[in-house]
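The lines below spell out each chain.
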Amino acid sequence: MSLLRRLRPAVLAALLTVLASACSTLPTGRPADAGLADRAEQLYRDGQLEESANLFLNLAEQSRADAAAHYRLRAAEVLRDAGRLDAAAQTIADVRRRRLGGDEPLRLDLLDAEIALSRGDAAHALDLLNRTDGIEASEPLQLRVQELRARAQTVAGDRFAAARTRAAIDPRLSGADRDHNRAEIIETLSALEPDTLIARAETLQPDDALLPWIEQALRRRGSMLPRQLPQANRPVGTLQPDDSGALHAEGYRPLRQVALLLPVSGPLGGVAQSIRDGFFTAYFADASEQRPSIRVYDSGDTPAAAVAAYQQAVADGADHVVGPLQRESVGELFRQPLPARMLALNHPDSGEVPPPGNAEFGLLPDAEGAQAAQRMIERGIVSAAVIAAKTDWAERAALAFRTQFEASGGRIVGESRLLDNEVNYRNAITQATAQLAPAPEGGVFISMRPQQARLLVPQLQIAGVTAPVFGTSHIYSGDPNSGFDRDLNQVEFCDAPWLSSPVPGRPDRGNISNQIASANGVGARLFAFGMDAYALLPYLSWMLQHSDQYIDGATGQLTADSFGRIHRRLGWMRFENGIVRPAQGVLSSVPAAPAVQ
């Protein structure tokens, strides 16, 4: 029984106080008025903590030896839950450990440790907690040991140790206890400077459980980690002989029933239409003999509606769920039990990773900015100017570019932002490029919509900036428009390969776009995204365990890391005479290397 709802704010950090009433047992020689003890426990469960503590103290006065020690410990625990640690300390001052039985000595140590922490004595608290190592205890007691240890480590100034302790118990928590613990991890790490967090992250293994929490803390501080760019070594589905000699696709797991959770109506209805059409296009193009049944559920426009849709899908027999789409809904579902494997179609606002066995897949501007930086570094560009639209997605791409470029040895010489109502970018260009090295060492990174890019690039040329320009997918409308896009000639950008050239195993875009309207324009990437979501499903379990293997997707080469995040290795394209063509091959020029988790 969680007592968080009863605790005053000053003691909310004392997680998991469930240990007290549920597991305490009276010593032998129970007094005749044991009914009063039951009454005290009932008062405790009812939240009448002062009355409960007083009754336990009265029982202690009326009892002897072991029974008195038992009641004093219970009174002190109730006083602790009421936020009266000083009174709790006075109550157990005369309690002797030899008078206690069962788990009571451990509970006494935990209470003493919490009292020591309230007085700022982290060293004594850690000594008491270290005494508990190796002692068998119930799950609630084990969790409380670790929660107190994390608090003591924080007080002692070792915030990384405290965050790691909390991260270790996170999978064992649920509900309000888990939410509180996660908030504490972020608060603990956010108190450190970004440079300190980044330096520590560089010492960790790629699959270290602390990395996602460091990423969240850095986002709160307006910073981020350099990305471990996806490195794909071999494709999934390689044909392998089984025991009978028959060939089967390695990693392939047949699906039975798939639920697709999308907002059928509302402001995201058009986005959902493109994804849904892409998903079903891949489904009908699937030549396997074991195609699953598919059912679409309306995930609505609230997290509650998405949770209800997921639960209904599971009740209807779904073994895999694709979606939801909204970031808030994804985050809420990640906090729920997930009996059916989920491939979320976005990343939660909170930045938390999927529960084990599940995955998240999205078209992130952060990934595009980081891969643009890597592309420029590999071209020998070490001096960069950044010009971006003043929007959230453009800022994210610019931040990722800056982080990756500087981590790779490059130098950002200037930045500027463009407002929607501007048409004269002279000042912005001067601000960003005044210190830019000439080609081949200098380059310009841009993140903006086509309308702004078509105005900016000619003005760069007028200003005498001859350095090559690299951008994100946002500068391309998704459809050929040579008349307008001639102004973007020679600009390179990363995007879904399916938009510019055939992708093995995917329907040809030229044929599809003539038949399905949602595969055109800005919907083209979402259509490709839907196709890739379907393609991932039968290999998802395998990919989560084999990060070096990839799927040739319509949106890029797809890999999965140990945290359940799907990564895209994007294609590179160039405007030539206003037409988009593959630039030096469809995929990024990142060479193959040992897998990065």
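For every chain, the first residue of its written sequence is number 1, and the numbers climb from 1 along that sequence. The model is predicted, so local features are restricted to residues of pLDDT at least 70 and side-chain atom pairs to those at 80 or more, both for listing and for counting; the totals for chains, interfaces and linings are taken over all residues. Side-chain metrics in this entry use all non-hydrogen atoms of the structure; hydrogen atoms and water are not considered.

Enquirer: Hey, could you run me through the overall build of the protein chain in this one?
Expert: Helix and strand assignments follow DSSP, with helices taken as H or I runs no shorter than four residues and strands as E runs no shorter than two, numbered in order from the N terminus. Check the secondary structure of the protein chain and you find 23 helices and 18 strands. Overall, the protein chain is about 95 × 60 × 50 Å in size when its C-alpha atoms are taken along their principal axes. Residue exposure (1.4 Å probe, protein chains only): buried if accessible area is under 20% of the type maximum, exposed if over 50%, otherwise partly exposed. The buried share of the protein chain, taken over its 597 residues, is 55%. Put simply, 66% of the contacts in the protein chain that link residues at least 6 apart link residues at least 24 apart. Counting only carbon and sulfur atoms, one obtains 48% of the accessible surface of the protein chain, whose full area is about 25,200 Å². For this analysis, residues touch if any pair of their heavy atoms sits within 4.5 Å. Accessible surface is estimated by sampling points in the Shrake-Rupley manner with a 1.4 Å probe; for residues, cover comes only from the protein chains shown.

Enquirer: Is there a simple way to explain the sheet that holds strand 16 (residues 566-569) in this structure?
Expert: Within a beta sheet, neighbouring strands are joined by backbone hydrogen bonds and run either parallel or antiparallel to one another. For two strands to be treated as a pair, DSSP must find at least two bridges joining them. Spatially, 4 strands are ordered 1-14-15-16 in an open sheet, and the strand pairing comes out mixed. One side of each edge strand has no neighbouring strand; the edge strands of this open sheet are strand 1 (234-235) and strand 16. Bridging between strand 15 (residues 556-560) and strand 16 involves 4 bridges; their strand directions are antiparallel. Along strand 16, the bridge assignment pairs A560 with I566.

Enquirer: How should the packing of aromatic side chains be read in this particular structure?
Expert: Note on aromatic pairs: each is described by the distance of the centres and the angle between the planes. Whether two aromatic rings pair depends on their centres lying within 6.5 Å, for rings of Phe, Tyr and Trp, where Trp uses its six-membered ring; planes under 30 degrees apart make the pair stacked, over 60 edge-to-face, and the rest tilted. As enumerated under the stated definition, the model contains 16 aromatic pairs in all. Ring centres of F401 and F445 lie 4.2 Å apart, and the angle between their planes is 5°; this geometry places the pair in the stacked category. With a gap of 44 residues between them, F401 in helix 17 (residues 392-407) and F445 in strand 11 (residues 442-447) connect regions that are remote in the sequence. Judged by relative accessible area, which is 0%, F445 ranks as buried.

Enquirer: Sorry, what's going on with the confidence of the model for the protein chain here?
Expert: It should be kept in mind that the predicted coordinates are not to be read in detail where pLDDT is low. Predicted confidence across the protein chain gives a mean pLDDT of 89, with 92% of residues reaching 70 or more. Along the chain, pLDDT gives the predictor's confidence residue by residue, from 0 to 100. Across residues 1-25, where pLDDT falls below 50, the model places 71 contacts with residues more than four positions away in sequence or in other chains. Contacts for the low-pLDDT stretch residues 585-597, under 50 throughout, to residues beyond four places or in other chains number 46 contacts.

Enquirer: Sorry, what's going on with the packing of helix 6 (residues 104-118) against helix 8 (residues 139-155) here?
Expert: Helix-helix packing is described using two parameters, namely the angle between the two axes and the distance between the axes. Helix axes use the C-alpha atoms of the stretch in contact, all axes being lines fitted to C-alpha atoms, and the angles between their N-to-C directions lie in the range 0 to 180 degrees. Taken N-terminus to C-terminus, the directions of helix 6 and helix 8 make an angle of 25°; their axes are 10 Å apart at the nearest point. Between helix 6 and helix 8, the angle is such that the two are roughly parallel. The interaxial crossing formed by helix 6 with helix 8 has left-handed handedness. Counted together, L106, R107, L110, L111, E114 and L117 of helix 6 and L141, R144, V145, L148, R151, A152 and V155 of helix 8 form the full contact between these two elements. A per-class count over the contact of helix 6 with helix 8 returns 9 nonpolar, no polar and 4 charged. Any angle that falls under 35 degrees is termed roughly parallel, while one over 145 is termed roughly antiparallel, one within 65 to 115 roughly perpendicular, and all others oblique. The handedness criterion is simple: a crossing whose near helix is rotated anticlockwise from the far helix by less than a right angle is left-handed, and one whose near helix is rotated clockwise is right-handed. Three classes are used, and their members are as follows: Ala, Val, Leu, Ile, Met, Phe, Trp, Tyr, Cys and Pro are nonpolar, Asp, Glu, Lys and Arg are charged, and the others, Gly among them, are polar.

Enquirer: Looking at this model, I keep getting lost on the packing of helix 2 (residues 34-45) against helix 3 (residues 49-62). Mind explaining?
Expert: The geometry of helix 2 relative to helix 3 is characterised by a closest axis approach of 8 Å and an angle of 160° between their N-to-C directions. Judged by the inter-axis angle, helix 2 sits roughly antiparallel to helix 3. Considering how the two elements wind past one another, helix 2 and helix 3 form a crossing that is left-handed. In contact with L36, A37, R39, A40, E41, L43 and Y44 of helix 2, helix 3 contributes L49, E51, S52, L55, F56 and L59. Looking at side-chain class alone, the contact of helix 2 with helix 3 contains 9 nonpolar, 1 polar and 3 charged residues.

Enquirer: Quick question: what am I supposed to make of the pattern of salt bridges here?
Expert: Two side chains carrying opposite charge are able to pair once their charged atoms lie near each other. Think of a salt bridge as a Lys or Arg side-chain nitrogen and an Asp or Glu carboxyl oxygen that are within 4 Å of each other. Inspection of every chain in the model, using the stated rule, returns 43 salt bridges. Notably, a salt bridge pairs E41 with R74, separated by 3.0 Å at the nearest N-O pair. Of this pair, E41 sits in helix 2 while R74 sits in helix 4 (residues 65-81), placing them 33 residues apart in sequence. Exposure remark for R74: the relative accessible area of 0% places this residue in the buried category. Note that R131 is salt-bridged to D109, the shortest N-O span being 3.0 Å. Of the two residues, R131 sits in the loop between helix 7 (122-130) and helix 8 while D109 sits in helix 6, which places them 22 residues apart along the sequence. Here D109 falls in the buried class, since its relative accessible area comes to 3%.

Enquirer: Can you walk me through the nonpolar core in this structure?
Expert: Nonpolar side chains in soluble globular proteins tend to be buried together. By size, the foremost hydrophobic cluster in this structure holds 90 residues, and its most contacted members are F401 and W498. If you tally residues by element for this core, the top one is helix 22 (residues 523-536), at 9 residues. Buried Ala, Val, Leu, Ile, Met, Phe, Trp, Tyr and Cys residues form a nonpolar core when they are joined through side-chain atoms within 4.5 Å. In this structure, L73, V78, L79 and I92 belong to the second largest nonpolar core, which totals 29 residues.

Enquirer: Would you mind going over helix 13 (residues 269-285) with me for this structure?
Expert: Quick reminder: α-helices carry 3.6 residues per turn. Residues three or four places apart thus point the same way. The end-to-end C-alpha distance of helix 13, which contains 17 residues, comes to 24 Å, matching closely the 24 Å that a straight helix rising 1.5 Å per residue would cover. Of the positions making up helix 13, those classed as buried are G269, A272, S274, I275, R276, D277, G278, F279, T281, A282 and Y283. In the core, the buried residues of helix 13 are packed alongside strand 4 (257-262), strand 5 (293-298), strand 6 (320-322), helix 21 (509-515) and helix 22. Here the expected length of a helix is defined as 1.5 Å per residue gap, with one fewer gap than residues.

Enquirer: Sorry, what's going on with unusual backbone geometry here?
Expert: Negative phi characterises most residues that are not glycine, and trans characterises most peptide bonds. Residue P324 follows G323 across a cis peptide bond; omega there is 5°. With respect to the element layout, P324 can be found in the loop between strand 6 and helix 15 (327-334). Omega for the peptide link from A439 to P440 comes to 10°, which places this bond in the cis form. Residue position: P440 is located in the loop between helix 18 (426-433) and strand 11. In the Ramachandran plot, A65 falls in the positive-phi region, its phi being about 50° despite a non-glycine side chain.

Enquirer: Please clarify how the sheet that holds strand 6 should be interpreted in this entry.
Expert: If you walk across this open sheet you meet the 5 strands as 5-4-6-7-8, and the pairing is parallel. Looking along the sheet, the strands with just one partner apiece sit at the ends: strand 5 and strand 8 (359-360). Pairing analysis gives 3 bridges linking strand 6 to strand 7 (residues 341-344), with the strands arranged parallel. The residue bridging V322 from the neighbouring strand is L343, located in strand 7. In the packing of helix 14 (residues 303-315) onto the sheet, the strands contacted are strand 4, strand 5, strand 6 and strand 7, and the crossing angle to strand 4 comes to about 165°.

Enquirer: How should I be thinking about the environment of G266 in this particular structure?
Expert: In this structure, G266 sits in the loop between strand 4 and helix 13. Judged by its relative accessible area of 53%, G266 is exposed. Separated by 34 residues in the primary sequence, G266 and G300 place their C-alpha atoms 8.0 Å from one another.

Enquirer: Help me understand the pairing of strand 5, please; the structure alone is not making it clear to me.
Expert: Along any regular strand, the residues point their side chains to alternate faces of the sheet. Taken together, the 6 bridges between strand 4 and strand 5 define a ladder with parallel strand orientation. By the bridge assignment, L261 is partnered in strand 5 with Y297.

Enquirer: Quick question: what am I supposed to make of the environment of A113 here?
Expert: The residue A113 is located in helix 6 in this model. Between the C-alpha atom of A113 and that of L225, which follows or precedes it by 112 residues, the distance is 36 Å. Excluding its chain neighbours within four sequence positions, the residues that come into contact with A113 are A125, L128 and L129.

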